[in-house]
Amino acid sequence: MSFSAAKRKRNQQLTNLKNRSVLLGVSGGVAAYKAVELVRRLKDKGASVTVMMTGAAQQFITPLSLQIASQNTVYTSLFQEPLTHISIPAAADILVVAPATANSIAKFANGIADDMLSTAFLAFRGPVVIAPSMNGKMYEHPVVQENLKKLLSLGIVQTGPDSGPLACGEEGTGRLAEVRDIVDTVVAALTPKDLIGQKIVVTAGPTREYLDPVRFISNRSSGKMGFSVAKAARNRGAEVVLISGPTALESPQGLTFRRVDTSDQMLSALRDETERGVSALIMAAAVADFRSVRPSKAKVGKNKIPLLTCTEDIVSCIAGGEKRPFIIGFAAETGKKLDRAREKMKRKKMDMIVFNDVTEKGSGFETDTNRVVIMDKKNGVMRTGLMSKDDVADAILDRYLKIKA
Ligand code: C5P
């Protein structure tokens, strides 16, 4: 069965910001210039963006830059167009304030409405994300912390600030969160929470099987698919543990991240988690298939080619254990070997398997897209088109919820 257009559309809405309208408030911190990049990344995900700027923000960056980036009118004054402080928030799905200065945070917390942004804040009903940015001492001031506490108690979501060198030359906590993390927070805030109460463990990336302290056997897995699954499950309200082999990817926020190296370490981290009870295990990791029979503690000479054996099959170990979760495995094949994937699902006692042909254009290793076939124990078969790995992740979770129901 192929994915219906409606279903695909819903999946796209879950992971990216297609058809979503973001109202972005920019207040007057030195990080205001990063708002241009933020607008671009939000638009990349399909959102339409309308910007409101405070007077101080306009000292750092011109409305024209944000008008060009957003391809929309930028609102800078309450008196620019009558009643837009009501109509613009009414049309928005989410309000994001980045950077949020101590002054704008104080106004929001105390109901002061003396400019376009602070007035629109009061008129808006919906999720609000704020990304504070200021000097570290200012951020730590009890008054700022009190104001933030008040906003968080109202359900407003805060992202950042990060620690590091600040524009004033000091080190501290006050840097605007990375644009990537702000976008992530916006997507999460707009995602329906249909996995609340579930603990989901995801494995990702390759493993390394050491021959000696210098050399190892591994594979081309980038970890992107597993990271997308972990983030999608987190966005949908699950408690997520991501167990990852070595990858170049940043550890995502809002989940427990366990970094491992070898397949032995991955198995023991998984045993540890399943002991405590897990709803679903999603094995996106490309566990290395071979390891040295006897890894050497010292670098071996070229003339001593190591003897190899197979690594332990992690999925089978967990599937045979006492506290067995719902298990979703992956089958990366070269060619349309669906039967092999089906056989693998049975042999490894999985409940679902996600097949992909790594030789297909846009699929498999290191790409940001994938095309998969999702099969389950009850002979259900679902094909996705070529879509982003984030969308594939949601398709897998949709299918999981349907099969488990
Ligand atoms: O046999 P193959 O490696 O193709 O199986 C792929 C599936 O099995 C993936 O879900 C992978 O994470 C899992 N696997 C495992 N332990 C291994 C090898 C693969 O759990 N040693």
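Definitions and limits used
- Each residue is numbered by its place in its chain's sequence as written, counting from 1.
- Local features in this predicted model are restricted to residues whose pLDDT is 70 or higher, and side-chain atom pairs enter the listing and the counts only when it is 80 or higher, whereas totals over whole chains, interfaces and linings include all residues.
- Heavy atoms from the whole structure form the basis of all side-chain values; hydrogens and water molecules are not counted.
- For the purposes of this entry, the term helix denotes a DSSP run of H or I that reaches at least four residues, the term strand denotes a run of E that reaches at least two, and both are numbered from the N terminus.
- Using a 1.4 Å probe on the protein chains alone, a residue whose accessible area is under 20% of its type maximum counts as buried, one over 50% counts as exposed, and one in between counts as partly exposed.
- Contacts are assigned to residue pairs with any non-hydrogen atoms lying within 4.5 Å of each other.
- Accessible areas in this description were obtained via Shrake-Rupley with a 1.4 Å probe; residue shielding takes into account the shown protein chains only.
- We treat two strands as partners when DSSP finds at least two bridges between them.
- To obtain an axis, a line is fitted to C-alpha atoms, over the contacting stretch when the element is a helix, and the angle between two such axes runs from 0 to 180 degrees between their N-to-C directions.
- Residues are counted as near a molecule or strand when any one of their heavy atoms sits within 4 Å of it.
- For the purposes of these results, a polar contact is taken to be a pair of N or O atoms within 3.5 Å, where, inside protein, one atom must be able to donate a hydrogen and its partner to accept one; residues adjacent in sequence count only when each atom of the pair is a side-chain atom.
- All residues other than Ala, Val, Leu, Ile, Met, Phe, Trp, Tyr, Cys, Pro, Asp, Glu, Lys and Arg, Gly among them, are scored as polar; the first ten of these are nonpolar and the last four charged.
- The crossover handedness rule: strands pointing away from the viewer, path from first strand over the helix to second strand clockwise, crossover right-handed.
- A helix is expected to span 1.5 Å multiplied by its residue count minus one.
- In these notes the angle categories are as follows: under 35 degrees is roughly parallel, over 145 is roughly antiparallel, 65 to 115 is roughly perpendicular, and the rest is oblique.
- For a crossing to be left-handed, the near helix must be turned anticlockwise from the far one by less than a right angle; the clockwise case is right-handed.
- Where a domain begins and ends is set by an automatic assignment or by a domain database.
- As used here, buried area is the combined drop in accessible area, with a 1.4 Å probe, of two parts when they are placed together.

J.: What should I look at first to understand the overall build of the protein in this one?
T.: Check the secondary structure of the protein and you find 15 helices and 22 strands. Each principal axis of the C-alpha distribution contributes one length, and for the protein these read about 75 × 50 × 40 Å. For the protein, the proportion of its 405 residues judged to be buried stands at 52%. Taking the contacts inside the protein whose residues are at least 6 apart along the sequence as the reference set, 65% of them involve residues at least 24 apart. Here the protein has roughly 18800 Å² of accessible surface; of this, 53% comes from carbon and sulfur atoms.

J.: Any chance you could explain the sheet that holds strand S12 (residues 239–244) here in plain terms?
T.: Sheets are built from strands that pair by backbone hydrogen bonding, the pairs being arranged parallel or antiparallel. Pairing in this open sheet of eight strands is mixed, and the strands run S13-S12-S9-S14-S17-S18-S20-S21 from one edge to the other. At either end of the open sheet lies a strand with only one pairing partner, and these are strand S13 (256–259) and strand S21 (381–383). Recorded for the sheet is a direction-independent mean angle of 15° between the axes of neighbouring strands. Bridge analysis of strand S20 (residues 373–376) against S21 gives three bridges, and the strand direction is antiparallel. Considered in S21, the bridge of Met 375 is made with Val 381.

J.: Honestly, the site of the ligand in this entry has me stumped. Any pointers?
T.: In the vicinity of the ligand there are 14 residues, among which Met 283, Ala 285, Val 315, Phe 330 and Lys 344 approach most closely. The contact in question runs from an oxygen atom of the ligand to an N or O atom on the backbone of Met 283, over 2.8 Å. If the ligand stood free it would expose 440 Å²; the protein chains cover 87% of that surface. Among the secondary structure elements, those contributing two or more residues to the shell around the ligand are helix H13 (314–319) and strand S17 (326–333). Split by residue class, the shell around the ligand holds seven nonpolar, two polar and five charged.

J.: Would you explain the environment of Phe 227 in this entry?
T.: With respect to the helices, strands and loops of the structure, Phe 227 is situated in helix H11 (residues 224–235). It is 7.6 Å that separates the C-alpha atoms of Phe 227 and Leu 242, two residues lying 15 residues apart in sequence. When near neighbours in sequence (up to four residues on either side) are disregarded, Phe 227 contacts Ala 204, Leu 242, Ser 244, Thr 247, Leu 249, Glu 250, Pro 252 and Phe 257.

J.: Mind showing me how you'd approach the pairing of strand S2 (residues 48–53) here?
T.: Looking along a regular strand, one sees side chains alternate from face to face of the sheet. Burial runs high along S2: five of the six residues are buried. One ladder, built from six bridges, connects strand S1 (residues 21–26) with S2; its direction is parallel. Across the sheet, Leu 24 pairs through a bridge with Val 51, a residue of S2. Crossover S1 to S2 through helix H2 (residues 34–44) is right-handed. Pairing of S2 with strand S3 (residues 74–75) involves two bridges; the strand directions are parallel. Across the sheet, the residue bridging to Val 51 is Val 74, located in S3.

J.: Would you mind showing me how to read H11 here?
T.: Residues lying three or four places apart along an α-helix face the same way, a consequence of the helix completing one turn every 3.6 residues. Taking 1.5 Å of rise per residue, 12 residues should cover 16 Å, and H11 covers 16 Å from first to last C-alpha, within 8% of that figure. Burial within H11 is extensive, with 10 of its 12 residues counted as buried. When we look at burial in H11, the residues that qualify are Met 225, Gly 226, Phe 227, Ser 228, Val 229, Ala 230, Ala 232, Ala 233, Arg 234 and Asn 235. Among the residues trailing H11, Gly 237 stands out with phi positive, at a value near 100°.

J.: What is the right way to look at the packing of H11 against helix H15 (residues 389–404) in this model?
T.: Between two packed helices, both the angle of their axes relative to each other and the distance between the axes serve to describe the pair. One way to put it is that H11 packs onto H15 with a least axis distance of 8 Å and a crossing angle of 60°. Judged by the inter-axis angle, H11 sits oblique to H15. Both H11 and H15 take part in a crossing whose hand is right-handed. Where H11 approaches H15, its residues Lys 224, Met 225, Ser 228, Val 229, Ala 232 and Ala 233 are matched on the opposing element by Lys 389, Asp 390, Val 392, Ala 393, Asp 394, Ile 396 and Leu 397. Residue composition of the contact of H11 with H15, grouped by class: eight nonpolar, one polar and four charged.

J.: Just to check I follow, could you spell out the domain arrangement of the protein for this structure?
T.: How big an interface is tends to be expressed through the accessible area that disappears when the partners come together. By domain assignment, the protein separates into domain 1 (19–189) and domain 2 (199–404). Distance between the C-alpha centres of domain 1 and domain 2: 38 Å. Listed as interface residues are eight residues of domain 1 and, on the opposing side, six residues of domain 2. In total, about 480 Å² of surface goes out of reach between domain 1 and domain 2, with carbon and sulfur atoms giving 29% of it.

J.: Honestly, the sheet that holds strand S5 (residues 128–132) in this entry has me stumped. Any pointers?
T.: The six strands are arranged S3-S2-S1-S4-S5-S6 in an open sheet whose pairing can be described as parallel. Because the sheet does not close on itself, it has two edges, and the strands there are S3 and strand S6 (157–158). Lying over the sheet, helix H4 (residues 63–70) contacts S1, S2 and S3, oriented at roughly 170° with respect to S2.

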